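# Overview (structure and organization)
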Amino acid sequence: MRSSNPIFTRRGFRRGDGTAASAAERSRPVGAVAGADLSGGVPTNPYAQSTIELSAPDVRAEGAAMTIDDVVVRTAATLGTVVLTAALSWLLLPVGDAGAGRALGIGAVAALVAFALSMVQTFRRTPSPALILGYAAFEGVFLGVTSDATSTYIAPGVVVQAVLGTMAVFAGVLIAYKRRWIRVTRRFYGFVLGAALGFLLLMVADLLFSAFGASGGLGFDSGATGVLFGVIGIVLGACFLALDFKQVEDGIAYGAPRDEAWFAAFGLTVTLVWIYLEALRLLSILRGND
């Protein structure tokens, strides 16, 4: 299973021997024997012990299959690291009149380091707890500085609202997914990826317009256009949460190796950070329009 977020692509689950599973293998029903041809070619579970590849480890038999507890514990560790470093950066790097330049500079460097670590982890076949926790730590520094700056200069008190909004989106999507109001199908997956690509292209265009002298870029940071863009960003984040939940559910059902829980934690953390930043930006625009 790979990381999930609105920026990076997905690689899919790994077999128990560490090799990548194909799209056809990921659609195999649970409990079937790998390599078998059932009901006219229905594929089988990629994590079941193969009658052909007997050397492949059976993660279920070894008791090393991923469980929901593994996902919860690792996600709590990753999000806890984000929250801890965000709080420390807020306290130790105050964005005041004297320290604004230093704090914002450190925040920008932390964002670049977090992005680099996330890219390295994204293209790895196996999860690295050190990379994932390192990403969480530097991302937390960036979030702490950004939140402090937003609260100080733009909209006091907006950070609490953004946190509560992020929690509400997470809870709402989880309930909707569990009740099957949201069904993650191939069409849903393709639509979300296409929409995210368009969203990112617009963000890049906005940055380019701003860099080359267009005042306010394309207007995505203010007014009605900014509000609409922020709402779309949050909705995309919610859709990626649904994809994350689907990947966790499939990983547990297929008996994915336990270390795949780190991928789940990484994906959920990146998606929640995305939703928080979009909520922070949207609420700042709304407060600025009051």
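Reading the values: rules and limits
- Residues numbered from 1 in each chain as written.
- Predicted model: local features only at pLDDT ≥ 70, side-chain atom pairs only at ≥ 80, totals over all residues.
- Heavy atoms only, no water.
- Helix = DSSP H or I, 4+ residues; strand = E, 2+ residues; numbered from the N terminus.
- Contact = heavy atoms within 4.5 Å.
- Areas by Shrake-Rupley, 256 points an atom, 1.4 Å probe, with all protein chains shown as cover.
- Axes fitted to C-alpha atoms, helices over the stretch in contact; angles between N-to-C directions.
- Parallel < 35°, antiparallel > 145°, perpendicular 65-115°, else oblique.
- Left-handed = near helix turned anticlockwise from the far one by under 90°.
- Nonpolar A, V, L, I, M, F, W, Y, C, P; charged D, E, K, R; others polar.
- Expected span 1.5 Å × (residues − 1).
- Buried < 20%, exposed > 50% of the residue type's maximum accessible area, 1.4 Å probe, protein only.
- Core = buried A, V, L, I, M, F, W, Y, C linked by side-chain atoms within 4.5 Å.

Attention now goes to the overall build of the protein. Helices and strands together make up the secondary structure of the protein, namely 8 helices and 0 strands. Along the protein, from the amino end to the carboxyl end, the secondary structure elements read α-α-α-α-α-α-α-α. Put simply, 75% of the contacts in the protein that link residues at least 6 apart link residues at least 24 apart. Only carbon and sulfur atoms are counted for the fraction: they give 69% of the accessible area of the protein, which is about 14,200 Å².

Within the secondary structure, F188 is located in helix α6 (residues 186-211). Along the backbone, F188 and A242 are 54 residues apart, and their C-alpha atoms lie at a distance of 10.0 Å. Setting aside chain neighbours within four positions, we find F188 in contact with I182, R183, C239, A242 and L243.

Taken N-terminus to C-terminus, the directions of helix α2 (residues 68-92) and helix α4 (residues 129-153) make an angle of 40°; their axes are 7 Å apart at the nearest point. The angle between α2 and α4 places the two elements in the oblique class. Seen along the crossing, α2 lies across α4 with a hand that is right-handed. In this structure, α2 contributes A77, T78, T81, V82, T85, A86, S89 and W90 to the contact, and α4 contributes I132, L133, A136, A137, G140, V141, L143, G144, V145, S147, D148 and S151. Class assignment for the residues of the contact of α2 with α4 results in 11 nonpolar, 8 polar and 1 charged.

To continue, consider α2. The first and last C-alpha atoms of α2 sit 36 Å apart over 25 residues, in line with the 36 Å expected at 1.5 Å per residue. Among all positions of α2, only D70, V71, R74, T75, T78, V82, T85, A86 and S89 are buried.

With that settled, the discussion passes to unusual backbone geometry. In this structure, R180 takes a positive phi of about 65° despite not being glycine. With respect to the helices and strands, R180 occurs in the loop between α5 (158-178) and α6. The class for R180 is partly exposed, based on a relative accessible area of 35%.

So, about the nonpolar core. Residues V71, Y135, V169, V173, F188 and L241 are the most contacted members of the largest nonpolar core, which totals 47 residues. Of all the secondary structure elements, the ones that give two or more residues to this core are α2, α3 (100-122), α4, α5, α6, α7 (223-254) and α8 (260-288). For this core, the leading source of residues is α8, giving 14 residues. Of all hydrophobic cores here, the second largest spans 6 residues; its members include L93, V95, A100 and A149.

With that out of the way, let us pick up the packing of α5 against α7. Remark: α5 packs on α7, axes separated minimally by 10 Å, with the N-to-C direction vectors making an angle of 50°. When the interaxial angle is binned, α5 and α7 end up oblique. Two packed elements cross with a definite hand, and for α5 against α7 that hand is right-handed. Across the interface between the two elements, V169, F170, V173, L174 and Y177 of α5 pack against I234, A238, L241, A242, F245, K246 and E249 of α7.

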